Amino acid sequence: MLIENAELEGGVHAAIRIIGETITAIGALSPRPGEPVIDAAGGLVLPGLHDHHIHVASLAAALASVACGPPEVTTAAEFAARLRAPGTGWLRATGYHESVAGRLDADLLDEMVPDRPVRVQHRSGRMWFLNSAALDALLAENAPPPGLERSGGRYTGRLFDADAWLQRALRGTPPSFAAVGARLARAGVTGLTDMTPANDAVIARHFAAEHASGALPQRIVLAGTPGLTPADMAGGMTLGAAKLHLHEAELPAFEAAVAFVSGAHATGRPAAIHCATEVELVFALAAIAEAGAAPGDRIEHASVAPDSAVGEIARLGLAVVTQPHFIAERGDTYRAEVAPALHPILYRLRAFRNAGVTLAAGSDAPFGGTDPWTAMQAATSRQTRAGAPLGAAEALTPEAALDLYLCAPRNLAMRRRVEAGAPADLCLLDRPWSRARMALGSVQVRATVIGGRVVHDARPGNRPVHDARPVNRPRRHETR
Ligand SMILES: [Zn+2]
């Protein structure tokens, strides 16, 4: 494949030749007979972006959720239309009330959706309604719980007070990752690091299967439990950090945190610690200092970071993986609810760069939006949705904001480039950098290539897609 008329970083124009999964040449190249050609039309070609902190399974569940009660949905026809949303795998609907279409059961739901498992939650939160495909999927490997209603020798599809059972049973049939893969591809994201602390060998197999099927075409780094091993990483996935999730209200014993970090290092893995409050950060830094820092150790979020902590992170040589878009998405709430003295030290960027700390970014989706371009915009503007400034001194240049997504995923201090010999993971923008840098949030990705394969194509003729639809986000407290 030849990508013609491409702008490379630095402003040079050239053609890029891809053979197999690799960039083989860059320069004044002309197409060979039969070689597919993409005309970049002067747009910038970047290494594909990497989302350094995401929760794919939760995001897939959120994307497959539809609201199906008042006020959005009030009639049976509207309800049926919502359930017929395109897609495969589990459909999860929430907020249902009898005023919409009466008391639901499997027969009623089968009429609307016969071909994929559906579960509808009553807005009381105490009842789920399942169609037959859902009953089949759940009962294939799980004994029915007492709360599963029976009538005349068969299940009605009504499930009462059985959330724990449902969660366990659903682990056997995790959601399709196709919607996540497509959404990230549209934004130019060619790789991701899943930072879910509970990631284990079971979910690793699901990742591998979704990757092999093409549903999740991105390159995958899987962080998670200390028990994950390289042997769990099928199909080109790589093993990431062991993840420790801290909650200020119930911190583990200090010795246990030190042991977690040492234990990760002993198995050749870095440690990653979730730090959404100042107390969590101070605790994490003390634990890492006690265990001894190793290359690749990282702090997730560093939501509240006083200068002393920034200095200690630099001294220990840790990387920080931040969410610049939280300033935009949640900044107005922070301004209202977080003590003003902390406003200048929320989700810092420039302070870390100035201290020489390696800084990368990830969406934290579904807790944050998936679009790295609006996140880069927030990193340069440091403005809330309402337009108020928040920690303006932490603003980055557009070039530094872009760097947050171009770090090598397992060596964040290394910056990836479009060069001969590099993997053909590319992101083709609809404009040159001189225009992109002026309005990062409005950049459209014209094409995305992973391993030499086009996974997103919005070139003229195909209509560009913009992800205006917000993710139906779970709520989180604290400063993230
Ligand atoms: Zn997270």
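Residues numbered from 1 in each chain as written. Predicted model: local features only at pLDDT ≥ 70, side-chain atom pairs only at ≥ 80, totals over all residues. Heavy atoms only, no water.

*Asks:* Explain the overall build of the protein residue by residue, including any values.
*Replies:* For the protein, the count of helices and strands is 16 helices and 24 strands. Taking 480 residues into account, the globule formula puts the C-alpha radius of gyration at 23 Å, and the protein, at 24 Å, falls close to it. Along the first, second and third principal axes, the C-alpha set of the protein runs to 70 × 65 × 50 Å. For the protein, the residues scored as buried account for 52% of the 480 residues in total. Intrachain contacts of the protein at a sequence separation of at least 6 include 73% that bridge at least 24 residues. Surface exposure of the protein reaches about 19,800 Å², of which carbon and sulfur atoms provide 54%. If you average the places of the 46 positive and of the 48 negative side-chain charges in the protein, the two averages end up 3 Å apart. (Helix = DSSP H or I, 4+ residues; strand = E, 2+ residues; numbered from the N terminus. Rg over C-alpha atoms; globule rule 2.2 N^0.38 Å. Buried < 20%, exposed > 50% of the residue type's maximum accessible area, 1.4 Å probe, protein only. Contact = heavy atoms within 4.5 Å. Areas by Shrake-Rupley, 256 points an atom, 1.4 Å probe, with all protein chains shown as cover. Lys, Arg positive; Asp, Glu negative; His and termini not counted. Charge placed at Lys NZ, Arg CZ, Asp CG, Glu CD.)

*Asks:* Explain the sheet that holds strand S5 (residues 45-47) residue by residue, including any values.
*Replies:* If you walk across this open sheet you meet the four strands as S5-S22-S23-S24, and the pairing is antiparallel. The sheet terminates laterally at S5 and strand S24 (453-457), the two strands that pair on one side only. Neighbour to neighbour, the strand axes of the sheet diverge by 20° on average, direction disregarded. (Pairing = 2+ DSSP bridges. Axes fitted to C-alpha atoms, helices over the stretch in contact; angles between N-to-C directions.)

*Asks:* Which residues make up the domain arrangement of the protein, and what values do they have?
*Replies:* Domain parsing of the protein yields domain 1 (2-47 + 421-467), domain 2 (50-56 + 175-415) and domain 3 (65-169). Placing a centre on the C-alpha atoms of domain 2 and another on those of domain 3 gives a separation of 35 Å. (Domains from an automatic or database assignment.)

*Asks:* Describe the sheet that holds strand S4 (residues 37-39), with residues and values.
*Replies:* The strand order S3-S2-S1-S4 describes an open sheet built from four strands, whose pairing is mixed. Either end of the sheet is taken by a strand with one partner, and the two such strands are strand S3 (22-27) and S4. Averaged over neighbouring strand pairs, the angle between their axes works out to 25° when direction is ignored. Sheet topology note: the strand S2 (residues 13-19)/S3 ladder contains five bridges and is antiparallel. By the bridge assignment for S3, Ala15 is matched with Gly27.

*Asks:* Quick rundown of the packing of helix H9 (residues 254-266) against helix H10 (residues 278-291)? Include the residues and the values.
*Replies:* Running from N to C, H9 and H10 cross one another at 60°; their axes reach a closest spacing of 8 Å. As summarised for this structure, H9 and H10 are arranged oblique, according to the angle between their axes. Handedness of the H9/H10 crossing: right-handed. Of H10, the residues touching H9 (which contributes Phe254, Ala257, Val258, Val261 and Ser262) are Phe283, Ala286, Ala287, Ile288, Glu290 and Ala291. Its residues assigned to classes, the contact of H9 with H10 comprises nine nonpolar, one polar and one charged. (Parallel < 35°, antiparallel > 145°, perpendicular 65-115°, else oblique. Left-handed = near helix turned anticlockwise from the far one by under 90°. Nonpolar A, V, L, I, M, F, W, Y, C, P; charged D, E, K, R; others polar.)

*Asks:* Which residues make up the pairing of strand S11 (residues 148-151), and what are the values?
*Replies:* Across three bridges, S11 lies against strand S12 (residues 154-160) in antiparallel orientation. Bridge assignment links Ser151 to a residue of S12, and that residue is Arg154. Hairpin remark: S11 followed by S12, antiparallel, with two residues in the connecting loop; positive phi at Gly152, about 55°.

*Asks:* Lay out the coordination of the zinc ion with the relevant residues and their values.
*Replies:* Around the zinc ion, the protein supplies His53 (NE2), His55 (NE2) and Asp364 (OD) as donor atoms, at distances of 2.1 Å. Site description for the zinc ion: donor spacing in sequence, H-x1-H-x308-D. Taken together, the residues His53 in strand S6 (residues 49-54) and Asp364 in the loop between strand S19 (358-361) and helix H14 (372-381) connect sequence positions 311 residues apart. In this structure, His53 and Asp364 share a single accessibility class: buried. (Donors = N, O, S within 2.8 Å, 3.2 Å for Na, K, Ca; no water.)

*Asks:* I'd like a rundown of helix H8 (residues 201-212), residues and numbers included.
*Replies:* Between the first and last C-alpha of H8 there are 16 Å, a value that for 12 residues agrees with the 16 Å anticipated at 1.5 Å per step. Restricting attention to buried positions, one finds in H8 the residues Ile203, Ala204, His206, Phe207, Ala208 and Glu210. Along its buried surface, H8 packs onto helix H1 (56-63), helix H7 (178-186), strand S13 (189-194) and strand S14 (219-224). For H8, the capping residue at the N-terminal end is Asp200, with a side-chain oxygen 3.1 Å from the backbone nitrogen of Val202. Once H8 finishes, Gly214 follows within two positions and takes phi at roughly 90°, a positive value. (Expected span 1.5 Å × (residues − 1). Polar contact = N/O pair within 3.5 Å; in protein donor to acceptor, adjacent residues only side chain to side chain.)

*Asks:* Residue-level account of H10, with values.
*Replies:* If you check H10, its first and last C-alpha atoms are 20 Å apart, about what 14 residues at 1.5 Å a residue would give, namely 20 Å. Those residues of H10 that are buried lie in contact with H9, strand S16 (271-274), strand S17 (298-300) and helix H11 (307-316). Residue Gly292 follows H10 closely and has a positive phi angle near 95°.

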